[in-house]
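Okay, here's what each chain looks like letter by letter:
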Amino acid sequence: MKKYLNLQDIRNDIDNGILNCVDLVNGYIANIKESDNLNIFLEVFEDSALRKAKEVDEKIKQGTAGKLAGMVISIKDNICYKGHKVTASSKILEGFESLYSSTVVDKILKEDGIIIGRTNCDEFAMGSSNENSFYGNVKNPLDEDLTPGGSSGGAASSVAANLCLLALGSDTGGSIRQPASFTGTIGLKPTYGMVSRHGLIAYASSFDQIGPIANSIEDINLILNVISGKDEYDSTLSKFSEYDYLELVNDVPRMKIAFLDCYLNHSGINPEVKAKTEEVIASLKSMGHKVEMVDFDLLDQLVPTYYVITTAEASSNLARYDGIHFGYRSKNAFDLESTYLKSRSEGFGPEVKRRIMLGTYVLSAGYYDAYFTKAQKVRRLVRKRTKEILKEYDFIISPTTPHPAFELGSQNQDPIKMYLEDIFTVQANLAGNPAISLPIGKTKAGLPFGIQLMADDFKEKSLLDFSHNLINNFALKKA
Ligand code: GLN
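All values derive from a computational prediction rather than experimental measurement. (Residues numbered from 1 in each chain as written. Predicted model: local features only at pLDDT ≥ 70, side-chain atom pairs only at ≥ 80, totals over all residues. Heavy atoms only, no water.)

Time to look at helix H12 (residues 350-363). If you check H12, its first and last C-alpha atoms are 20 Å apart, about what 14 residues at 1.5 Å a residue would give, namely 20 Å. Elements that come into contact with the buried residues of H12 comprise helix H10 (299-317), helix H11 (336-347), helix H13 (368-392) and helix H14 (415-419). (Helix = DSSP H or I, 4+ residues; strand = E, 2+ residues; numbered from the N terminus. Expected span 1.5 Å × (residues − 1). Contact = heavy atoms within 4.5 Å.)

Next up on the list: the site of the ligand. With respect to spatial proximity, 15 residues lie near the ligand, and among them Ser 128, Thr 172, Gly 173, Ser 175 and Tyr 306 are the closest. The contact in question runs from an oxygen atom of the ligand to an N or O atom on the side chain of Ser 175, over 2.7 Å. Asp 422 is positioned with one of its side-chain polar atoms (N or O) 2.9 Å from a nitrogen atom of the ligand. Here the ligand, which alone exposes 300 Å², has 100% of that area covered by the protein. Of the residues that constitute the shell around the ligand, the class distribution is five nonpolar, seven polar and three charged. (Near = heavy atom within 4 Å. Polar contact = N/O pair within 3.5 Å; in protein donor to acceptor, adjacent residues only side chain to side chain. Areas by Shrake-Rupley, 256 points an atom, 1.4 Å probe, with all protein chains shown as cover. Nonpolar A, V, L, I, M, F, W, Y, C, P; charged D, E, K, R; others polar.)

A separate point is the nonpolar core. Counting residues in each nonpolar core, the largest one holds 138 residues, and the members touching the most others are Phe 124 and Leu 168. In terms of residues, this core owes the most to one element, H10, which gives nine residues. Setting aside anything within four residues of it in sequence, one finds Leu 168 in contact with Ile 73, Ser 74, Ile 75, Lys 76, Ile 79, Val 104, Ile 108, Ala 155, Ile 210, Gly 211, Pro 212 and Ile 227. Membership of the second largest hydrophobic core comes to six residues, among which are Leu 146, Ala 405, Met 418 and Leu 447. (Core = buried A, V, L, I, M, F, W, Y, C linked by side-chain atoms within 4.5 Å. Buried < 20%, exposed > 50% of the residue type's maximum accessible area, 1.4 Å probe, protein only.)

Attention shifts here to empty space enclosed by the protein. Overall, the coordinates contain one cavity of 30 Å³ or more when judged by the stated rule. Roughly 70 Å³ of internal volume is contained in the largest cavity. Lining of the largest cavity is provided by 14 residues; of these, Gly 127, Ser 128, Ser 175, Tyr 306 and Asp 422 occupy positions nearest its centre. Class assignment for the residues of the lining of the largest cavity results in five nonpolar, seven polar and two charged. (1 Å grid on protein atoms, 1.4 Å probe; cavity = no way out; pocket = protein on both sides within 12 Å on 5 of 7 lines; lining within 4 Å. Points joined across faces, edges and corners; volume = space filled by probe spheres on them.)

Laid out in structure tokens, this is it:
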């Protein structure tokens with residue numbers, strides 16, 4: 001099947017009578033089967049997807065189809081869809097079936113999007129390489145020896161490998177943007193409070209956001225229209241969460257853009273990534289935008305602060321997996337305590353256990369102030385400084401990741417090294433502002449990497465307009 005890069009192309013072919021949704025879904029299912037060895041999908045929802053496709057074809061004929069008609073979407077395996085399995089790629093939830101649908105799934109189905117299946121990810125979204133999945137790692141479709149990134153590695157790969165048009169992932173510290181960077185796709189982490197978290201399996205609730213991965217800004221813009229906005233089930237949604245812009249603007253005004261010297265001069269940055277970022281900065285200047293270097297003295301605090309607070313929240317969120325209410329129960333348990341102990345010991349993988357222990361430690365009476373309270377204070381400073389910069393500048397530009405995709409198995413022995421993967425992405429999660437990864441970098445060896453743009457809270461529209469422009473500009477340059 002032809003590779004569709006945006007919904008408009010699909011709709012054109014449907015309108016011209018050369019495609020229908022059933023054939024489209026069957027085409028994607030065939031692609032999924034062919035690329036089975038990449039381990040991208042944990043399950044294909046063949047029956048419900050084909051049923052929905054039939055319904056949408058009928059609606060298109062009658063002229064009653066919703067905004068997403070023809071959009072085939074994968075969901076990360078931490079997003080609930082009633083009557084379908086969801087495991088957060090963990091053994092502890094093996095076989096668990098969602099009792100209700102997440103708000104994002106409800107909204108997508110209402111607008112006639114077709115959900116094709118659930119994608120592999122790091123267990124409970126904890127990881128940067130997809131190697132922490134109980135169901136095996138995902139291979140990068142661009143080079144099978146490489147990681148697709150994590151934790152939404154299956155999501156990004158499902159788009160990169162042409163197994164669906166758009167993927168929903170979740171981003172707590174970079175899990176949408178980093179895999180997008182590693183697979184040459186576009187990934188958006190919306191502002192915290194823009195998209196309902198109802199029905200998203202929680203990792204760190206004050207960070208988690210659901211967001212899209214796609215090949216076009218048009219599709220990202222469209223899906224944001226559908227999934228954002230108020231929801232009575234999530235009280236953290238902002239009154240500014242309604243995103244109601246269907247058209248992208250072609251001519252963007254001159255912008256003020258900051259780049260952080262400490263990001264670009266970081267010792268771990270790959271020289272090709274650095275050079276490309278400088279090239280993008282130079283062309284932005286030549287396009288008439290004002291780009292300036294700005295100080296940011298909290299870089300070294302970002303990753304430690306992120307890991308103290310997220311592990312604290314995770315230790316509390318994951319307390320519910322007790323072997324009693326739902327999910328895995330150890331066969332070796334003989335009383336209440338051993339049920340808790342053995343079910344959790346056998347059900348969680350090593351990284352999840354490490355984080356639960358770290359989180360419990362930083363929340364324990366003797367260490368609470370030294371770690372958790374202190375990290376909260378630093379988070380406040382990060383937010384304050386980020387807001388200050390974004391008051392003066394429209395965007396902050398940086399690489400998404402310090403380097404392109406790395407080899408599977410090359411970093412998973414050293415958790416600290418793996419945690420440093422998140423160095424450029426966690427700022428937006430600590431501060432809460434939106435950030436996008438754009439696939440405009442490529443190494444000499446042909447590996448993609450992303451350029452990240454951050455904007456102020458709820459400035460998604462200007463972020464997407466600008467990104468659209470930037471991508472087009474680079475596409476033109478390449479042609
Ligand atoms: N790599 C980060 C972590 O392991 C980010 C995860 C995420 O965004 N879900 O925590």
